[in-house]
Amino acid sequence: MVTSPDASKRERPAPKEDHRVRVARQRRERMRAKLFQSIMAVCSGRPANSPAVIDDVIQHARVSRGTFYKYFESLEEAISELALNLADEMTVASFSVYDVLTDPVARTSTGFQMFLVRALQDHNWAGFFIHIGLLSGDNHVITAKIKRDLLAGIETGDYVVPSVDIATDILMGAKIEAMRRILGGEGDETYVRQMASMVLCSFGVSRARAEKYVDAAFNRLILEAPGKLEWWNPTPGTMQLTA
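Note that the coordinates shown come from a computational prediction; the quantities given were computed from them, not determined experimentally.

Participant: When you look at helix 7 (residues 123–132) in this model, what are you seeing that I'm missing?
Facilitator: Structurally, the α-helix is built with 3.6 residues per turn, so residues lying three or four positions apart point the same way. Taking burial as the measure, the ten residues of helix 7 include seven buried ones, the bulk of the element. Taken together, the buried positions of helix 7 are occupied by W125, A126, G127, F128, F129, I130 and H131. The N-cap residue of helix 7 is D122: its side-chain oxygen and the backbone nitrogen of N124 are 3.2 Å apart.

See below:
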């Protein structure tokens, strides 16, 4: 049987990546990851009104200035790229444990606690978010999701608030200040749940109902996050199921 030219092309295996090309690519990826980690660490340790400087980053990463500029044209470019990566990471991570929910109160309590639990587990991540103001403003997917949840809660009668914008400001402000307290060593798992309950109460949810939703969301995170969230890495002995 004669094989057509098109069929032979389909059957031909894809060429393997050259070993040297693969090694070089992996080396570049490792260095970019290392520089991002140093940027996060440097930014998280500085006041919000004190910008990071390139010397701090290369000193932390233990690389030369020339090495840094092989990967980024400026520190500002690197910070912006890292910010977008982290925002995308949290958005993607939310799909499996947050976006599958339809109840607006369950979504709010899950999303709010997911951020604070990660802050408990990774202070550099939390400090970077706060430093660059990634949780401030209206022009990102995270805020859009929050507003949709609040609007849905208003429509179902679960939330009684003057406006979606005011409720968003309350939630985002509480989240930022809670992360600051966690970074200061004053927050733990109980604090996270109490903050989430207070936020729901401020939206008109009864205290008993708020606590029920928060505990359910917290327990669900503990049970499902280890297999679904790459960043999940609690300190041994923490993150215990609530009664």
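Participant: Would you take a moment to explain the nonpolar core for this structure?
Facilitator: Nonpolar side chains tend to gather and get buried jointly when the protein is soluble and globular. Within the largest apolar cluster, 70 residues are counted, with the highest numbers of intra-cluster contacts made by I39, F68, W125 and F128. With nine residues, the single largest contributor to this core is helix 6 (residues 104–121). In contact with F128, not counting residues within four places along its chain, are I39, M40, C43, S44, I79, L82, A83 and L86.

Participant: Please explain the packing of helix 9 (residues 164–183) against helix 10 (residues 189–202) as it appears in this structure.
Facilitator: Think of two packed helices as two axes; the pair is described by the angle between the axes and how far apart they sit. Running from N to C, helix 9 and helix 10 cross one another at 165°; their axes reach a closest spacing of 11 Å. The angle between helix 9 and helix 10 falls in the class roughly antiparallel. In this structure, helix 9 meets helix 10 at a crossing whose hand is right-handed. The segment helix 9 lies against helix 10, with I170, L171, A174, E177, A178, R181 and I182 engaging Y191, V192, M195, V199 and S202. Classifying every residue of the contact of helix 9 with helix 10 gives nine nonpolar, one polar and two charged.

Participant: How should the side chain of D149 be read in this particular structure?
Facilitator: In this structure, D149 sits in helix 8 (residues 141–156). Classification of D149 as buried rests on a relative accessible area of 4%. Excluding anything up to four places from it in sequence, D149 contacts Y98, P104, R107, T108 and Y159.

Participant: Where do I start with unusual backbone geometry in this structure?
Facilitator: Trans is the common state for peptide bonds, and a negative phi is the common state for residues other than glycine. Phi is positive for R62, which is not a glycine, with a value near 60°. Note that R62 resides in the loop between helix 3 (54–61) and helix 4 (65–71).

About the cut-offs
Residues numbered from 1 in each chain as written. Predicted model: local features only at pLDDT ≥ 70, side-chain atom pairs only at ≥ 80, totals over all residues. Heavy atoms only, no water. Buried < 20%, exposed > 50% of the residue type's maximum accessible area, 1.4 Å probe, protein only. Helix = DSSP H or I, 4+ residues; strand = E, 2+ residues; numbered from the N terminus. Polar contact = N/O pair within 3.5 Å; in protein donor to acceptor, adjacent residues only side chain to side chain. Core = buried A, V, L, I, M, F, W, Y, C linked by side-chain atoms within 4.5 Å. Contact = heavy atoms within 4.5 Å. Axes fitted to C-alpha atoms, helices over the stretch in contact; angles between N-to-C directions. Parallel < 35°, antiparallel > 145°, perpendicular 65-115°, else oblique. Left-handed = near helix turned anticlockwise from the far one by under 90°. Nonpolar A, V, L, I, M, F, W, Y, C, P; charged D, E, K, R; others polar.

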